[in-house]
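# Residue-level structural notes
Listed below, chain by chain, are the residues.
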Amino acid sequence: MQSHADNTEILRAVKRADFPGGLNQIEKWWVKHREWLQESGYTLRRRYQADWTPSWKPGQFYPFFEDGLTVTHVMDGTRSSDGLHVAIKQIPVNDASDEVEVYQRMTSEPISSDPRNRTAPLLDILQVPDGSGMRLLVMPLLRALDKPEFETFGEAIAFFTQIFEAIQLMHEHRIAHRDCTYNNIMLDPSGMYPVPFHPREIDRRRDWKGKVPHLTRTQRPPRYLLIDFGLSRIYPPAEGVVPLDLPIRGGDKTVPEHDNETQRCNPFPVDVYYLGNLVRERFILKYHGFAFMHPLVGDMVAVDPTKRPTMDEVVARFKKIRASLSSWKLRSRLVRKKDWAVVSLYKSFGHWYRRLGYIATSKPAIPDA
């Protein structure tokens, strides 16, 4: 997670391009290391090649062009050995976080083989050969968790199951994520997108030839993966001892115990709050029909952290909720609260066509992956 100072520096660097749409200062760092990255097995897009010239003409709006889209501290690339599209993240030399250690712990036995593990695969750790101490983490290219949007209650239930169990597993091993919020829970698109999507404009094809087609979550059940362990911490096993740490604000700024920045708090109930608030804001408040989640989510976002359930309790209670839902409910369409009636009716026709197809082909109502 970038600090406010880091974000301010990024904005300044983006503004320091040589011309509108030109390479910013951070992008020039990537270009400088392009050959080394290629030798390491990763190729960057055309924009970052040494002979790149803009495809747009003076006066044209450069963001409409494929090579007019910029990046900052996370670069996209292609693994030369197999064509896998990847994300490459900078870890600054002065980074004192446990990020690399947490990634290594979560991707090593015995945790790596646990079916609940939803850590984004760490494909490579590269040491930049310029003496700076900078490291690069290489992961598969992922998408925002709700892009494309969820279509059925069963698809949402599959998401809740995966992410609740993933944080439960981390807590079992005394690892607090401390930022398991919307931007750090991603969709693995590998089964849903037969045509590659563009890394910077994810609803377009990678070759920039129109909108990218995709399958639904029910057709190709996806995995949801945790990323960005920059605020995460590993706590030593200590029977009966509650870990206390100074608050560090993640992507969700509404955690009640973070109002007092000098008061130490238990980071594990913070994770519970983050997940509860994610379900509340992205599902309960957005769609009709999630009343069955109100009691659990209400407890997860309790103001008093000692009143929140542990992740073990969250998982146990959610299993009962999941078992209580009928197939009819699970296959029902998620209806946005802000949709007009005519829009909702239009969407229903497509939903029923797909729904009958799912039933005819025995697709599970909960597309677990």
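Just above sits the structure.
Now for a description of the structure that goes with this document. Going along each chain's sequence as written, the residues are numbered from 1 onward. Owing to the predicted nature of the model, reporting of local features is limited to residues with pLDDT of at least 70; listing and counting of side-chain atom pairs is limited to 80 or more, with chain, interface and lining totals taken over all residues. The basis for every side-chain value is the complete set of heavy atoms in the structure, and neither hydrogens nor water enter the calculation.

### Regarding the side chain of Asp146
- Per the convention used, a helix needs a DSSP run of H or I reaching at least four residues, while a strand needs a run of E reaching at least two, with both numbered from the N terminus. The residue Asp146 is located in the loop between strand E6 (143–144) and helix H5 (153–172) in this model.
- Here Tyr182 takes part through its side chain, which lies 2.5 Å from a polar atom of the side chain of Asp146.
- Any two residues whose heavy atoms approach within 4.5 Å at even a single point are treated as in contact. Dropping the residues within four chain positions of it, Asp146 is found in contact with Tyr182, Arg217, Arg282 and Lys286. Polar contact criterion, stated in full: a pair of N or O atoms within 3.5 Å, where within protein one must be able to donate a hydrogen and the other to accept it, and residues adjacent in sequence count only if both atoms are side-chain atoms.

### Let's talk about the packing of H5 against helix H6 (residues 267–284)
- The convention used is that axes are lines fitted to C-alpha atoms, helices contributing only their stretch in contact, and that angles between N-to-C directions extend from 0 to 180 degrees. The contact between H5 and H6 brings their axes to 11 Å, and the two run at 170 degrees. Here H5 lies roughly antiparallel to H6, going by the angle between them. In this structure, H5 uses Ala156, Phe159, Phe160, Ile163, Phe164, Ile167 and His171 to contact H6, whose residues at the interface are Phe268, Asp271, Leu275, Leu278, Val279 and Phe283. When describing relative orientation, an angle under 35 degrees is termed roughly parallel and one over 145 degrees roughly antiparallel, while 65 to 115 degrees is termed roughly perpendicular and anything else oblique.

### What about the sheet that holds strand E8 (residues 185–187)?
- Judged by pairing direction, the sheet is antiparallel, and its 3 strands sit side by side in the order E6-E8-E9 without closing on themselves. The sheet is open, and its two borders are formed by E6 and strand E9 (224–226), each paired with just one other strand.
- Those strands touched by H5 are E8 and E9, and its axis lies near 30 degrees from that of E9. DSSP calls a pair of strands paired once it identifies at least 2 bridges connecting them.

### Concerning helix H10 (residues 341–360)
- Take the residue count of a helix, subtract one, and multiply by 1.5 Å to get its expected span. Between the first and last C-alpha of H10 there are 28 Å, a value that for 20 residues agrees with the 28 Å anticipated at 1.5 Å per step.
- As for H10, its buried residues are in contact with helix H9 (327–331).
- Looking at the residues trailing H10, positive phi occurs at Ser362, about 60 degrees.

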